[in-house]
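Architecture and fold: a report
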Amino acid sequence: MPPATPPPVTVVIDRDDDVIHTHTALAAHHPPSGRITLHPGPGTTSETSLAHDLLAALGKPPLLPGRFPGGRQPAWEAATAWMSALPVTQLIVLRAHRLTARRAMRLLQLRTLTGIHLTLVCHRPHLPTALHQALQSADHIITTDFQTARRHYYGATAPVPLPADQPARPSSRWLTLPALDRLVSYDSPSPCAAPCTRRRSSGGTAHRPHLSPRTLPSKSPIGFMG
């Protein structure tokens with residue numbers, strides 16, 4: 001049975017969209033320890049697709065077999081059942097600033113039904129309106145400190161922090177080169193046809209990736225899709 005009063009929702013404000021928050025939250029994903037990290041699929045806004053993402057994070061089939069009235073799959077019912085049946089106590093949701101009001105309310109209802117500790121990571125300096133309104137009905141705390149956020153990601157099993165004289169952040173804080181396989185030019189009629197790769201010298205030093213000037217016009221703004 002879920003506790004009468006679930007733990008307060010933890011809202012992590014990642015002001016600069018620093019990749020260290022994403023990496024740390026993803027690394028905390030460990031279902032046997034009761035920790036699930038949900039990274040909602042990009043470009044989706046429906047409640048059902050969020051339930052499918054949650055089922056996949058739980059290691060369960062996102063698409064349910066059978067026929068349902070009106071074509072509606074009981075995805076949230078299935079996700080709630082699995083969350084209750086499995087030893088899950090912590091749910092971390094990345095890109096929470098993109099949640100619609102209905103999606104946010106679904107997660108808050110899931111918290112009430114299962115008693116999980118819900119952590120929402122907003123990669124923006126401030127809470128968006130939809131999430132701010134949804135949280136008005138839930139007890140919540142907000143933190144902007146990375147070390148505090150990490151303790152929430154890992155719960156009682158948080159790794160021991162590095163000594164003060166050692167860097168707490170990885171040497172590479174931003175997107176790594178494998179992300180360039182999705183590099184596109186907004187002015188180009190088509191994205192890169194082949195993945196952009198990096199070359200290495202005989203000494204093993206990585207060079208800048210070779211990008212064809214044909215696919216990247218010299219005066220075009222460049223963006224990363226992801």
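Residues numbered from 1 in each chain as written. Predicted model: local features only at pLDDT ≥ 70, side-chain atom pairs only at ≥ 80, totals over all residues. Heavy atoms only, no water.

Let us now look at the overall build of the chain. Across its full length, the chain carries six helices and seven strands. Element order for the chain, N to C, with α for helix and β for strand: β-α-β-α-α-β-α-β-α-β-α-β-β. Going through the 226 residues of the chain one by one, you find that 38% of them count as buried. At a minimum sequence separation of 6, the contacts of the chain that also span at least 24 residues come to 74%. (Helix = DSSP H or I, 4+ residues; strand = E, 2+ residues; numbered from the N terminus. Buried < 20%, exposed > 50% of the residue type's maximum accessible area, 1.4 Å probe, protein only. Contact = heavy atoms within 4.5 Å.)

For the chain, the average pLDDT comes to 76, and 63% of its residues sit at 70 or higher. Below a pLDDT of 50 lies the segment residues 162-191, which in the model reaches 47 contacts outside its immediate sequence neighbourhood of four places, other chains included. (pLDDT = per-residue confidence, 0-100.)

Within the secondary structure, E47 is located in helix α2 (residues 47-57). Overall, E47 belongs to the buried group, its relative accessible area being 19%. Residues contacting E47, with those up to four places away along its chain left out, are W76, R102, R103 and R106.

This part covers the packing of aromatic side chains. Applying the stated criterion across every chain yields a total of zero aromatic pairs. The lysine or arginine in question, K60, covers the ring of W82, its NZ or CZ lying 4.2 Å from the ring centre. (Phe/Tyr/Trp six-rings, centres within 6.5 Å; stacked < 30°, edge-to-face > 60°. Lys NZ or Arg CZ within 6 Å of the ring centre and 35° of its normal.)

Strand order in the open sheet made by the five strands is β2-β3-β4-β1-β5, with parallel pairing throughout. At either end of the open sheet lies a strand with only one pairing partner, and these are β2 (35-38) and β5 (140-143). Taking the axes of each pair of neighbouring strands and ignoring which way they run, one obtains an average angle of 20° across the sheet. With four bridges connecting them, β2 and strand β3 (residues 90-93) associate as parallel partners. (Pairing = 2+ DSSP bridges. Axes fitted to C-alpha atoms, helices over the stretch in contact; angles between N-to-C directions.)

Counting buried positions along α2 yields eight of eleven residues, so the element is predominantly enclosed. Buried residues of α2: E47, S49, L50, A51, H52, L54, L55 and A57, and no others. The secondary structure elements touched by the buried residues of α2 are β2, α3 (75-85), β3 and α4 (101-114). Following α2 by one or two positions, G59 has its phi on the positive side, about 80°.

Quick look at the nonpolar core now. Among the nonpolar cores identified, the biggest contains 34 residues, and V9, L54, M83, L91, L107, L118 and L120 are the most heavily contacted of them. For this core, the secondary-structure elements that each account for two or more residues are β1 (9-13), β2, α2, α3, β3, α4, β4 (117-122) and α5 (129-134). When near neighbours in sequence (up to four residues on either side) are disregarded, M83 contacts L54, L58, V88, L91, L110, T114 and I116. One finds I92, L94, Y153 and Y154 within the second-largest nonpolar core, a separate group that totals nine residues. (Core = buried A, V, L, I, M, F, W, Y, C linked by side-chain atoms within 4.5 Å.)

Bringing the side chain of Q90 into the picture now. One can find Q90 in strand β3. A polar contact is formed between the side chain of Q90 and the side chain of H117, at a distance of 3.1 Å. Ignoring sequence-local partners within four residues, the contact set of Q90 consists of G34, R35, I36, H117, T119, H152 and Y153. (Polar contact = N/O pair within 3.5 Å; in protein donor to acceptor, adjacent residues only side chain to side chain.)

Time to look at the pattern of salt bridges. Evaluation of the coordinates by the stated rule reveals three salt bridges. R102 serves as the salt-bridge partner of E47, at 2.7 Å between the closest nitrogen and oxygen. Taken together, the positions of E47 in helix α2 and R102 in helix α4 put the pair 55 residues apart, joining distant regions of the chain. Each of the salt bridges in this network shares a partner with another, and the network as a whole consists of E47, R102 and R106. (Salt bridge = Lys/Arg side-chain N within 4 Å of Asp/Glu carboxyl O.)

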